[in-house]
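Single-letter residue listing:
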Amino acid sequence: MLNQKSFHRGLLLLALAGVAAAGTNLSAQTNAPTYLRDVKPLFLGKCSRCHNNDSAFLPNWSDYTSAYQNRLEIKRRVWDAWKGNYYKQSMPAGNCPECQTITEADRALIRDWVVAGARLGQPANATPASNKAERIQVGKGLFTTMCATCHQLAGQGVTGKYPPLANSDFLNADKQQAIRVLLHGKQGDITVNGAKYNNNMPSFPLSDEDIANALTYTYNSFGNSGKEVTPAEVKALRAEKYTPDATATKTAPSQFE
Ligand code: HEC
Ligand code: HEC
């Protein structure tokens, strides 16, 4: 006869079986998102304007240790709060470009990364691209998750805020000047295709390989000149002594910076 005690034991066993099954499912998810391949580019594009190495009071998500330590809160802010299931404000915060470009898929990716154990993994380009076609391919991934946040998927930019990369006279004029924008960020006056901008592009912690790939993809898309940028070219400019343009006027930081 099924008494109450054994009934409860049965429930407990069922619950344990459920946990074990969920655990197996997760470890079987060899395709679960990883930090270096999937999540870091997303953090760089959609979080790093506020969460970066220079921020005195906000955690820096382009650092794995800090992202791993805060992973549960990251999931709650990006997923649960967005769904109305957490009382704190959802991230990205405020009315920023990141908020307009973060997608349901981006949010789900961050959630899945946390649920599956927030693994470090390998970068998408663990084996460096060996030719221009591969560089364009890998660069496209980085562009889509990162650069498109501000410059938009088709590189058209946003009037008055983010200059276009499509048919950009600035970009096509000089490879070195484009590499420097990626290495050091860019602030202050800039004229692209006859239109003036005065905004701030941060410098992102990208490797020589990342910058070469992202720029090669950009140069080979959106009606641009088809140039290739190599990691060696980026490395050479990284080594030079950099003096920011003295005429650049630093824009007022946003209320969050
Ligand atoms: C426009 C600026 C901005 C952007 C972009 C932004 N955040 Fe935040 N974030 C903030 C501010 C300001 C706070 C502190 C206020 C608060 O806790 O709500 C914060 C707090 C957080 C916290 C809580 C930290 C803690 O110590 O409790 C997490 C987690 C977080 N953000 C994750 C993210 C993630 C992940 C992204 C990108 C998907 C992101 N944020 C994008 C401004 C931003
Ligand atoms: C957080 C927003 C943001 C992100 C993300 C971003 N940029 Fe920019 N970018 C800007 C802004 C703003 C400027 C103009 C800065 C100024 O006004 O001085 C700019 C300028 C540029 C320029 C020079 C102007 C032009 O239109 O040709 C290039 C090239 C460029 N970005 C490439 C990239 C690439 C490649 C990525 C991704 C790896 C990227 N940017 C990511 C905001 C961003």
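Cut-offs used in this document
- Residues numbered from 1 in each chain as written.
- Chains lettered and ligands numbered in written order.
- Predicted model: local features only at pLDDT ≥ 70, side-chain atom pairs only at ≥ 80, totals over all residues.
- Helix = DSSP H or I, 4+ residues; strand = E, 2+ residues; numbered from the N terminus.
- Contact = placed C-beta atoms within 7 Å.
- Near = placed C-beta within 6 Å.
- Nonpolar A, V, L, I, M, F, W, Y, C, P; charged D, E, K, R; others polar.
- Pairing = 2+ DSSP bridges.
- Expected span 1.5 Å × (residues − 1).
- Bend = angle between axes of the 7 residues up to and from the residue.
- Buried ≥ 20, exposed ≤ 12 C-beta atoms within 10 Å, placed from the backbone.
- Core = buried A, V, L, I, M, F, W, Y, C linked by C-beta atoms within 7 Å.
- Domains from an automatic or database assignment.
- Axes fitted to C-alpha atoms, helices over the stretch in contact; angles between N-to-C directions.
- Parallel < 35°, antiparallel > 145°, perpendicular 65-115°, else oblique.
- pLDDT = per-residue confidence, 0-100.

Novice: Help me understand the overall build of the protein in this model?
Specialist: Looking only at helices and strands, the protein has 11 helices and two strands in total. For the protein, the α and β elements follow one another from N to C terminus as α-α-α-α-α-α-α-α-α-β-β-α-α. The contacts of the protein with a sequence gap of at least 6 include a subset with a gap of at least 24, amounting to 66%.

Novice: So what exactly am I meant to see when it comes to the site of ligand 1 here?
Specialist: The immediate surroundings of ligand 1 are formed by 22 residues, with C47, C50, M91, P92 and A93 found nearest. Broken down by element, the residue count for the shell around ligand 1 peaks at four residues, all from helix 4 (residues 71-80). Considered class by class, the residues forming the shell around ligand 1 number 12 nonpolar, four polar and six charged.

Novice: Looking at this structure, I do not really get the site of ligand 2. What am I missing?
Specialist: Close to ligand 2 lie 30 residues; C147, C150, P163, N199 and M201 are nearest. At the level of elements, helix 7 (132-151), helix 8 (169-173), helix 9 (175-184), strand 1 (186-192), strand 2 (195-201) and helix 10 (208-219) are the ones that each hand at least two residues to the shell around ligand 2. Its residues assigned to classes, the shell around ligand 2 comprises 18 nonpolar, 10 polar and two charged.

Novice: Got a minute to help me understand the pairing of strand 1 in this structure?
Specialist: On a regular strand, each side chain points to the face opposite its neighbour's, so the side chains alternate between the two faces of the sheet. Of the strand pairs in this sheet, strand 1 and strand 2 are connected by seven bridges, and their pairing is antiparallel. Note that in strand 2 the partner of I190 across the bridge is Y197. The hairpin formed by strand 1 and strand 2 contains two residues between the paired strands, and N193 there has a positive phi angle of roughly 50°.

Novice: For this particular structure, what's the right way to read helix 7?
Specialist: Residues three or four positions apart in an α-helix share a direction because the helix packs 3.6 residues into each turn. With 20 residues, helix 7 ought to run about 28 Å at 1.5 Å a step, yet its terminal C-alpha atoms sit only 23 Å apart, falling short of that. The largest bend in helix 7 comes to about 50°, at F143. Restricting attention to buried positions, one finds in helix 7 the residues R135, V138, G139, L142, F143, T145, M146, C147, T149 and H151. In this structure, the buried side of helix 7 is in contact with helix 2 (35-46), helix 5 (97-101) and helix 10. Among the residues trailing helix 7, Q152 stands out with phi positive, at a value near 75°.

Novice: Could you clarify how one ought to interpret the nonpolar core in this entry?
Specialist: Counting residues in hydrophobic clusters, the biggest one holds 37 residues, and the most contacted among them are F43, I110, I179, I211, A214 and L215. If you list the elements that add at least two residues to this core, you get helix 2, helix 4, helix 6 (104-115), helix 7, helix 9 and helix 10. Examining the composition of this core, we find that six residues originate from one element, helix 10, more than from any other. Inspection of this core shows a minimum of three residues originating in each of domain 1 (33-115) and domain 2 (132-239). For F43, the residues in contact, after removing those within four places along its chain, are S48, W61, S62 and A67.

Novice: How do you make sense of the environment of S221 when you look at a structure like this?
Specialist: Within the secondary structure layout, S221 lies in the loop between helix 10 and helix 11 (231-239). Assessed through the 17 C-beta atoms surrounding it within 10 Å, S221 is described here as partly exposed. Spatially, the C-alpha atom of S221 lies 8.5 Å from that of A154, the residues being 67 residues apart in sequence.

Novice: Quick question: what am I supposed to make of the environment of Y87 here?
Specialist: Within the secondary structure, Y87 is located in the loop between helix 4 and helix 5. Under the C-beta neighbour-count criterion, Y87 is labelled exposed, with 8 such atoms within 10 Å. A C-alpha to C-alpha distance of 9.3 Å links Y87 and R76, two positions 11 residues apart in sequence.

Novice: Is there a simple way to think about the packing of helix 7 against helix 10 in this case?
Specialist: When two helices pack together, their arrangement is given by the angle between the helix axes and the distance between those axes. Where helix 7 meets helix 10, the axes come as close as 7 Å, and the angle between the chain directions of the two elements is 95°. Comparing the axis directions of helix 7 and helix 10 gives the class roughly perpendicular. Contacts from K132, R135, I136, V138, G139, K140, L142, F143 and C147 of helix 7 reach helix 10 at D210, A212, N213, A214, T216, Y217 and T218. Tallied by class, the residues present in the contact of helix 7 with helix 10 amount to eight nonpolar, four polar and four charged.

Novice: What exactly am I supposed to notice about the confidence of the model for the protein here?
Specialist: Note: predicted coordinates in regions of low pLDDT should not be interpreted at a detailed level. Residues at a pLDDT of 70 or more form 83% of the protein, whose mean pLDDT is 86. Per-element confidence in the protein ranges from a low mean pLDDT of 47 for helix 1 (residues 4-28) to a high of 98 for helix 4. Low pLDDT, under 50, characterises residues 10-28; the stretch is placed with four contacts to residues that sit more than four places away or in other chains. Predicted confidence is poor over residues 246-250, with pLDDT under 50, and the contacts of this stretch with residues over four places away or in other chains come to six contacts.

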